[in-house]
Amino acid sequence: MRTHRRRVLVTGAAGFMGSHLVDALVADGHLVFGVDDMSGGYWRNIHPESEFSVLDLRHREATEAYLRKARPEVIFHMAADATEGRSQFTPISSTERNYLAYLNVLVPAIREGLRKMVLISSMSVYGRQPAPFHEGMPRVPEDIYAIAKAAMEHATEILAKVHDFDYTIIRPHNVYGERQNIADPYRNVIGIFINRLLQGKDFFIYGDGEQKRAFSHIVDFTPYCLRAGFDDAANGEIFNIGPREEYSINQTARLVLKHFGYDPDDPPEAVRPRRLPPRPLEVRDAYCTLEKAQRLLGYRTTVSLDEGIRRMVAWAKELGPQPMRYLEGGLELTTGAPETWTRRLM
Ligand SMILES: NC(=O)c1ccc[n+]([C@@H]2O[C@H](COP(=O)([O-])OP(=O)(O)OC[C@H]3O[C@@H](n4cnc5c(N)ncnc54)[C@H](O)[C@@H]3O)[C@@H](O)[C@H]2O)c1
């Protein structure tokens, strides 16, 4: 879809999904600003033709000063501490990096003439309601990360009504693919499996591994996110984005083993998945309806999980094994935390 050249800001631009979106925006000819505090991002992800600045969005004055200069017409808010499973053990920093950081961006942006906000939210806002989730279901967050995402969505709706800007809320599925942070021990299940196998080590499955997820390869996310920013049909709407096919964590593990050349039915002892107790509050099945994204954004799945994992493994082999990046300063609360985190097993 061709649009006029706009001043566009992507927060979290050095991260996985943010950097792919920057690429697409630059290719479409926009003037693209990117910010990231590099807590989970990488310099290698930054597009050389974007205007990139290191900025910690938790710092209100610095963020306000930045927005006065950049004056974006459209913002894609991707920056987050997306470690959902960890958020019960880091409730303060999760809220600061998610809800507070978002308001630090949104409020001055409104003052500087924001026209459109695309908020990247999460399926976690559906909580424990029965899958498939559809966009009309209420927000019933069940964990600290989801509380922040639900609050961000709700604040956007309220402020848009009062202050007259357009918005779209996107709730992605488990997105994976090239450039994903494979060194985050707290999230990105496929990335962790891959990084462990790159090191010739086994990986961990929480619970029985039969919990199901619908994984989206990044090429099946970015174009629809982009379109949501510029197509008026997306204004005021919430979209689930992700494929319909669900895979259990066990099935996913088998595919990763396969693309490393192992027999998934009988991998060598050294790389055989290890079972750990279930994580507190982990949602069992998380998949959603897609009818709205198909109708208004033209969504369709083009990359199967098998093919997506093949591509990601090929990329990760080029990158090589990565040392895990544990949270500086440790968890705020440790009771009940998985031992992979407290004992830094990876
Ligand atoms: N990947 C998924 O499966 C998935 C699923 C649902 C929702 N999301 C959402 O999509 C967005 C992007 O996720 P991702 O997978 O690309 O994660 P990511 O960690 O690769 O990207 C997030 C970026 O935000 C940056 N960031 C964190 N705190 C910041 C701060 N205070 N100031 C500035 N930058 C900060 C990090 O450095 C990182 O580069 C997030 O909002 C996440 O909640 C992701």
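Residues numbered from 1 in each chain as written. Predicted model: local features only at pLDDT ≥ 70, side-chain atom pairs only at ≥ 80, totals over all residues. Heavy atoms only, no water.

Caption draft 1: Representation of the site of the ligand. Near the ligand you find 29 residues, and of these Asp-36, Gly-40, Arg-97, Tyr-145 and Val-175 are the closest. One of the backbone nitrogen or oxygen atoms of Ser-39 is found 3.3 Å away from an oxygen atom of the ligand. Separating a nitrogen atom of the ligand from a backbone N or O atom of Leu-55 is a distance of 3.5 Å. In the complex, the protein chains occlude 95% of the 820 Å² of accessible area that the ligand would expose alone. (Near = heavy atom within 4 Å. Polar contact = N/O pair within 3.5 Å; in protein donor to acceptor, adjacent residues only side chain to side chain. Areas by Shrake-Rupley, 256 points an atom, 1.4 Å probe, with all protein chains shown as cover.)

Caption draft 2: Here's a closer look at the sheet that holds strand 12 (residues 247–248). The three strands are arranged 12-9-14 in an open sheet whose pairing can be described as mixed. Each edge of the open sheet is held by one strand with a lone partner, namely strand 12 and strand 14 (285–286). In this structure, strand 9 (residues 212–213) lies alongside strand 12, joined through two bridges in antiparallel fashion. Looking at strand 12, one finds that Lys-212 is bridged to Ser-248. (Pairing = 2+ DSSP bridges. Helix = DSSP H or I, 4+ residues; strand = E, 2+ residues; numbered from the N terminus.)

Caption draft 3: Region of interest: the sheet that holds strand 5 (residues 116–120). Read across the open sheet, the seven strands follow the order 3-2-1-4-5-6-11; overall the sheet is parallel. Strands at the two margins of the open sheet, each flanked by one partner only, are strand 3 (51–54) and strand 11 (237–241). The sheet shows a mean angle of 15 degrees between the axes of neighbouring strands, taken without regard to direction. Relative to strand 3, strand 2 (residues 31–36) is paired through four bridges, and the arrangement is parallel. For Phe-33, the partnering residue across the bridge sits in strand 3 and is Glu-51. (Axes fitted to C-alpha atoms, helices over the stretch in contact; angles between N-to-C directions.)

Caption draft 4: Local environment of the domain arrangement of the protein. Considered domain by domain, the protein is made up of domain 1 (7–175 + 219–241) and domain 2 (176–213 + 245–287 + 302–342). Between the C-alpha centres of domain 1 and domain 2 there is a distance of 25 Å. At the junction of the two partners, domain 1 supplies 34 residues and domain 2 supplies 33 residues. Summed over the shared surface of domain 1 and domain 2, the result is one salt bridge. For Asp-23, the salt bridge identified is with Arg-179, shortest N-O distance 2.7 Å. For the pair domain 1 and domain 2, the number of links is 16 residue pairs in polar contact (both at pLDDT 80 or more). Mapped by element, the contributors of at least two residues to the side of domain 1 that touches domain 2 are helix 1 (16–27), helix 3 (91–111) and strand 7 (174–176). Among the elements that take part in the side of domain 1 that touches domain 2, helix 1 stands out by supplying four residues, more than any other. (Domains from an automatic or database assignment. Contact = heavy atoms within 4.5 Å. Salt bridge = Lys/Arg side-chain N within 4 Å of Asp/Glu carboxyl O.)

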